[in-house]
Amino acid sequence: MDFRFNEEQVAFQQEIRAFFAEEMAPEKTEGRGERKEMYGYDLEFERALRRKTGDRGYLGVAWPEEYGGQAKGMFYQAILGYEAAYAAAPAVDIGVSIVAAPLMLFGTPEQKEFFLPKILKGEINFCLGYSEPGAGSDLASLETRAEIDGDDFVITGQKIFTTGAHKADYCWLAARTDPEAPKHKGISLMIVDMASPGITPRPLWTIAGWRHNEMFLDHVRVPKTNLIGELHRGWYQVATALDFERSGFASYGTAQRGLEKLVAYCKQHWRNGRPLSKDPLVRAKLAQVAIDISVGLRFTKLVAWMQAEGQVPSHEASVNKIWGSELLRRLSNEGMRVLGLYGGLDAESPHAPAGGWFPHEYLHSLAGTIGAGSNEIQRNVIAQRGLGMPR
Amino acid sequence: MDLSFNTEQEQLRQDVRAFLAQECDRAVVRELEESELGYSPEMWKKMAGRGWLGLVFPEAHGGRGKGFMDLVVLMEEFGRCPCPCPYQTGVLQSGLALLELGSEAQKRDYLPRILGGDLRFSLCLTEPSASYDPWGVQVRGMTRGESWVLNGAKMFIQYAASADYYLVVARTRDNDDDPSDGLSLFLVDARSDGISRTPLVTIADDKQCEIIFDQVLVPRQNLVGPLHQAWPAVRKVMTLCTIAMCAEMAGGTQAALEYAVEYSKHRVQFGRPIGSFQAIQHYAANMLTDSDAARLSAYEAASLVDAGEPYEMVASQAKAVCSEAYQRVTATGHQILGGLGFYKELDMQLWYRRAKAMEQFFGDADYHRERVAQLMGL
Ligand SMILES: Cc1cc2nc3c(=O)[nH]c(=O)nc-3n(C[C@H](O)[C@H](O)[C@H](O)COP(=O)(O)OP(=O)(O)OC[C@H]3O[C@@H](n4cnc5c(N)ncnc54)[C@H](O)[C@@H]3O)c2cc1C
């Protein structure tokens, strides 16, 4: 047994870390901050960085060669996700992390030929149209209708929590195509051009200050050729896509970034006649975060290794999702405690420690335990799929 | 990266599991706990015969020359069982200390007999200070003529009553600036004059003793390793044994989880198995998370030993993780068992008590968080 990356993987990690460090250097990000965007940078910056990352071939590092990828396997995807998060670089979009894999599995040759190269190059980006006001955890109860009319679907309904709908080129959408069938059996997946008439994203402002969306669809025409996979089989394809989403690696990059900020602060700032880093309580908190990150990386490696071995992780991915999202909540909470009264200062304040990272993450991290399948749903998965407990 | 066990390790797991199912079912575990020795010499001899005592020791000294990942397999199975035996103190702590510090003659004289199950050893480090750090060692070793003389008290020494020999860490010189300087290791016949033992009754029935050394004479040649400078090797051995214990804890954690889940599938209330209640399912999900965290952390630590890489950091991470995971999982396990779990007939208590005992050995989670903090450069 061996948990270490091999030499080539280590070299890739160093290379990509250097790439993001350069792209996210203060000279380049100066004046590009935009707090109304989830990643914290203006959309031009985000697009440009995504393209540049795509041009380097990084986005397709794990893709099969037939789709223009480097076929280096899941560890490289994990490293990419980790390093982008570590640098807080808005480089890896839903298209890469969620859409690409099921598109390769279920898409037609024409769909693959059209979309995959553009995703690979970072030229287009996606939003994810699953959740609705009445269909959150119980996604299969979604009501947005897609009716067949000649060569088109005609879509009417409402989506909610649609991350990036206001900036996306395409939406990866789940809609009901057979209202008569049992609820899991009447859903289809399709790709919708966001420039189509009848789509209206409206802002929902998150407590972390960035723009989220609800999205209204009013008789939106989508060519039938944009159907992904089989008609009415969308639910099963969504489930596959979510398994990819849950294997997310990014949390630990974000956490490591936060920990390093906190450690640096604690070494430089004194309280009660000694550096904070010499206070036993503070040391215990910092060490615990480091330990939790190390555990999370082991979970991540297990998921990636299983994928690399051709196994399908199920409860392992859920364990990892819970761990990463709860870790960020603990880290931001403990971080704010260590910072004391300064902990609450917003990034705007010149006195804010660590650029206001902690209060922002304290708000932002609320979403992690809910989005991508709430942690309660993940625990159901672990108990029922992982441990075979009765329904 | 390769997160699998090799076929030989898988085979070892099957062999050990089958052996323990045969020789050490839960009724036997309870009997051994109540017995004076605390383990079965016949079973011990059989395990020696299968080469398990010598698993990680060089073939030249009667061992099998396997790696720490193999040891992990064995320890996990001991933890699952849970098998009461002096493997930690008698084989690992004492054997590895001899291997690290012993002269060729000492290794030749003692190691094959330890690994063959013919000689029983206990390593004596901890004292009334209850510390695993150098300052905690106050037992004195002084020269008198051609001998050493040992004076002082050791505490919490497992399986000491049945041991033939003690390996005693003693202070042979004072250095106020560096308490790790001046520690030496002695090989002491357990029957020597001046040694008295008092059994300590503990939560996990692991047959601990307090040992008083009162003017105990030790032959000159029984110094093991360099005078005054035993600490680095003792520290190393303790860290290796910590990793082995983490694997044992991970095995216990896994078994306790399985036991609770199995129970929840069969216990019916309100007309359904309690395992169908979401409160119980979410407990179980948390237990699985803890169990995997413990397991993977122990694995990574052991894999670093085999790879010849620094392992101190991951060993401390693992001990912090396993200490809390094992305790939490067994405590939650008791909650799932309801009232019945409070009685000795059910097995959860076997792991629950060991979780607490093993949490204390080699330092608890707080102790290892502080070690992690030091290794992080704080
Ligand atoms: C920041 C953010 C970004 C998101 N981005 C997207 C996106 O891009 N596209 C998209 O389609 N969706 C997105 N979502 C939506 C997300 O997938 C849903 O929020 C999530 O599935 C939960 O649904 P809900 O919010 O309706 O909560 P509900 O389903 O109403 O859940 C409320 C509470 O009830 C619990 N609960 C529900 N069912 C069960 C059950 N069976 N057992 C136990 N507890 C249960 C939940 O765990 C939760 O605690 C995003 C959400 C957030 C917060």
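Calculation rules
Residues numbered from 1 in each chain as written. Chains lettered and ligands numbered in written order. Predicted model: local features only at pLDDT ≥ 70, side-chain atom pairs only at ≥ 80, totals over all residues. Heavy atoms only, no water. Pairing = 2+ DSSP bridges. Helix = DSSP H or I, 4+ residues; strand = E, 2+ residues; numbered from the N terminus. Buried < 20%, exposed > 50% of the residue type's maximum accessible area, 1.4 Å probe, protein only. Near = heavy atom within 4 Å. Polar contact = N/O pair within 3.5 Å; in protein donor to acceptor, adjacent residues only side chain to side chain. Areas by Shrake-Rupley, 256 points an atom, 1.4 Å probe, with all protein chains shown as cover. Domains from an automatic or database assignment. Expected span 1.5 Å × (residues − 1). Bend = angle between axes of the 7 residues up to and from the residue. Buried area = accessible area lost by both parts, 1.4 Å probe. Salt bridge = Lys/Arg side-chain N within 4 Å of Asp/Glu carboxyl O. Nonpolar A, V, L, I, M, F, W, Y, C, P; charged D, E, K, R; others polar. Disulfide = S-S within 2.5 Å. Patch = residues over 30% accessible without salt bridge, like charges linked within 9 Å, V, L, I, M, F, W, Y side chains within 5 Å. Contact = heavy atoms within 4.5 Å. Phe/Tyr/Trp six-rings, centres within 6.5 Å; stacked < 30°, edge-to-face > 60°. Lys NZ or Arg CZ within 6 Å of the ring centre and 35° of its normal.

1. Re the pairing of strand β6 (residues 199-205) of chain A
Residue and element names in this part refer to chain A.
Then step 1. Here β6 runs beside strand β7 (residues 211-223); their pairing, made up of 7 bridges, is antiparallel. Residue pairing across strands places Thr200 opposite Phe216, the latter belonging to β7.
Then step 2. The antiparallel pairing of β6 with β7 creates a hairpin that spans 5 residues between the two strands, and Gly209 there sits at a positive phi of about 95°.

2. Remarks on the pairing of strand β5 (residues 187-193) of chain A
Residue and element names in this part refer to chain A.
Then step 1. The element β5 is largely enclosed, with a buried count of 6 among its 7 residues.
Then step 2. Note: strand β4 (residues 170-176) against β5, 7 bridges, orientation antiparallel. Its bridge partner lying in β5, Cys171 is registered against Val192.

3. Observations concerning the site of the ligand
Then step 1. Neighbouring residues of the ligand: 17 residues in total, closest A:Leu128, A:Ser131, A:Ser137, A:Ser374 and A:Glu376.
Then step 2. Near the ligand, residues from chains A and B are present, making the site a shared one.
Then step 3. Contacts to the ligand include A:Leu128, whose backbone N or O atom sits 2.7 Å from a nitrogen atom.
Then step 4. Here an oxygen atom of the ligand sits 2.6 Å away from a polar atom, N or O, in the side chain of A:Ser374.
Then step 5. Relative to its free-state accessible area of 970 Å², the ligand is covered by the protein chains to the extent of 66%.
Then step 6. Residue contributions to the shell around the ligand peak at 3 residues, all from helix α12 (residues 375-386) of chain A.
Then step 7. Among the domains, domain 2 (127-239) and domain 3 (246-386) of chain A are the pair contributing at least three residues each to the shell around the ligand.

4. Some points on helix α5 (residues 94-106) of chain A
Residues and elements named next belong to chain A.
Then step 1. In this model, α5 (13 residues) spans 17 Å end to end at C-alpha, consistent with the 18 Å of a helix rising 1.5 Å per residue.
Then step 2. By the largest-angle criterion, Ala100 marks the main kink of α5, which is about 40°, and a proline, Pro102, follows within four residues.
Then step 3. Capping of α5 at its N-terminal end is provided by Asp93; its side-chain oxygen lies 2.7 Å from the backbone amide nitrogen of Gly95.

5. Considering the domain arrangement of chain A
Residues and elements named next belong to chain A.
Then step 1. When the domains of chain A are assigned, the result is domain 1 (7-92), domain 2 (127-239) and domain 3 (246-386).
Then step 2. Once you take the C-alpha centre of each, domain 1 and domain 3 turn out to be 21 Å apart.
Then step 3. For the pair domain 1 and domain 3, the two sides together bury roughly 1200 Å², of which 67% comes from carbon and sulfur.
Then step 4. With its nearest N and O atoms 3.3 Å apart, the salt bridge here joins Arg35 to Glu348.
Then step 5. Taken together, domain 1 and domain 3 are joined by 4 residue pairs in polar contact (both at pLDDT 80 or more).
Then step 6. Along the lines of polarity and charge, the residues of the side of domain 1 that touches domain 3 split into 9 nonpolar, 2 polar and 1 charged.

6. Looking at the state of the cysteines
As used here, a disulfide is simply a covalent bond connecting the sulfur atoms of two cysteines.
Residue and element names in this part refer to chain B.
Then step 1. Under the definition given, this model contains 0 disulfides over all chains.
Then step 2. Cys124 forms no disulfide, and the closest cysteine sulfur to it belongs to Cys209, at a distance of 9.4 Å.
Then step 3. There is no disulfide at Cys246, and the cysteine sulfur nearest it, in Cys322, is 4.1 Å away.
Then step 4. Given a relative accessible area of 1%, Cys246 falls into the buried group.

7. Observations regarding a nonpolar patch on the surface
Then step 1. A cluster of nonpolar side chains, A:Ile207, A:Tyr362, A:Leu363 and A:Leu366, forms an exposed patch at the surface whose accessible area comes to about 350 Å².
Then step 2. Its location among the elements puts A:Leu366 in the loop between α11 (357-364) and α12.

8. Observations regarding unusual backbone geometry
Then step 1. Residue B:Cys81 is joined to B:Pro82 through a cis peptide bond whose omega torsion reads -20°.
Then step 2. Position of B:Pro82 relative to the elements: it lies in the loop between α4 (68-80) and α5 (87-101).
Then step 3. The backbone of A:Ala71 sits at a positive phi, close to 50°, despite the residue not being glycine.
Then step 4. Here A:Ala71 lies in the loop between α3 (43-55) and α4 (74-86).
Then step 5. Under the relative-accessibility criterion, A:Ala71 is labelled partly exposed at 41%.
Then step 6. At A:Ala372, a position not held by glycine, the phi torsion is positive, near 55°.
Then step 7. Following the sequence through the fold, A:Ala372 ends up in the loop between α11 and α12.
Then step 8. Of the residues examined, A:Ala372 reaches a relative accessible area of 29% and is grouped as partly exposed.

9. With respect to the pattern of salt bridges
All names here are of chain B.
Then step 1. Evaluation of the coordinates by the stated rule reveals 47 salt bridges over all chains.
Then step 2. Salt-bridge contacts for Glu8 lead to Lys66; the nearest nitrogen and oxygen are separated by 2.6 Å. A residue pair is termed long-range when its members are at least 10 positions apart, and Glu8 in helix α1 (residues 7-23) and Lys66 in the loop between α3 (41-49) and α4 qualify at 58 residues.
Then step 3. For Glu8, a relative accessible area of 43% puts it in the partly exposed group.
Then step 4. Residue classification places Lys66 among the partly exposed positions, given a relative accessible area of 25%.
Then step 5. For Asp164, the salt bridge is made with Arg120, and the minimal N-O distance between the two is 3.6 Å.

10. Quick look at the interface of chain A and chain B
Then step 1. Contact residues are listed per partner, giving 39 residues for chain A and 45 residues for chain B.
Then step 2. Both faces considered, chain A and chain B share a buried interface measuring about 3900 Å² in area, 67% of it formed by carbon and sulfur atoms.
Then step 3. It is A:Met1, A:Arg283 and A:Arg298 that lose the most area in chain A upon contact with chain B, and together they represent 20% of the buried surface on that side.
Then step 4. Counting across the interface, chain A meets chain B through 3 salt bridges.
Then step 5. Residue A:Arg283 is joined to B:Glu370 by a salt bridge in which the shortest nitrogen-to-oxygen separation is 2.8 Å.
Then step 6. At the surface where chain A touches chain B, the tally comes to 18 residue pairs in polar contact (both at pLDDT 80 or more).
Then step 7. When contributions to the side of chain A that touches chain B are tallied by element, the ones reaching two or more residues are α8 (250-268), α9 (280-308), α10 (315-339) and α12 of chain A.
Then step 8. If one sorts the elements of the side of chain A that touches chain B by residue count, α9(A) sits on top with 14 residues.

11. What to know about the packing of aromatic side chains
Then step 1. Across all of its chains, the model carries 28 aromatic pairs over all chains by this definition.
Then step 2. Ring centres of B:Tyr110 and B:Phe121 lie 6.0 Å apart, and the angle between their planes is 70°; this geometry places the pair in the edge-to-face category. Of this pair, B:Tyr110 sits in helix α6 (residues 104-115) while B:Phe121 sits in strand β1 (residues 121-124), and the two are 11 residues apart along the sequence. For the pair formed by B:Tyr110 and B:Phe121, the shared burial category is buried.
Then step 3. Measuring from centroid to centroid gives 5.6 Å for B:Tyr259 and B:Trp351, while their planes differ by 65°, and the two rings are edge-to-face. In this pair, B:Tyr259 sits in helix α7 (residues 231-266) while B:Trp351 sits in helix α10 (residues 348-360), placing the two residues 92 residues apart along the sequence.
Then step 4. The class of B:Trp351 is buried, set by a relative accessible area of 1%.
Then step 5. Taken together, A:Phe12, A:Phe19, A:Phe20, A:Tyr58 and A:Tyr76 form an aromatic cluster joined through their ring pairs.
Then step 6. Directly above the ring of A:Tyr86 sits A:Arg17, whose terminal nitrogen or CZ lies 4.4 Å from the centroid.
Then step 7. One cation-aromatic arrangement involves A:Lys118 over A:Phe114; the distance from NZ or CZ to the ring centre is 3.7 Å.

12. Some thoughts on the side chain of B:Lys154
All names here are of chain B.
Then step 1. Residue placement: Lys154 occurs in strand β3 (residues 147-158).
Then step 2. Look at Lys154 and you get buried, because its relative accessible area is 0%.
Then step 3. A polar contact of 3.4 Å, which involves the side chain of Lys154, links it to the backbone oxygen of Cys124.
Then step 4. Ignoring anything within four residues of it in the chain, the contact list for Lys154 reads Cys124, Leu125, Thr126, Glu127, Val137, Val139, Val168, Val169, Cys209, Glu210, Ile211 and Phe213.

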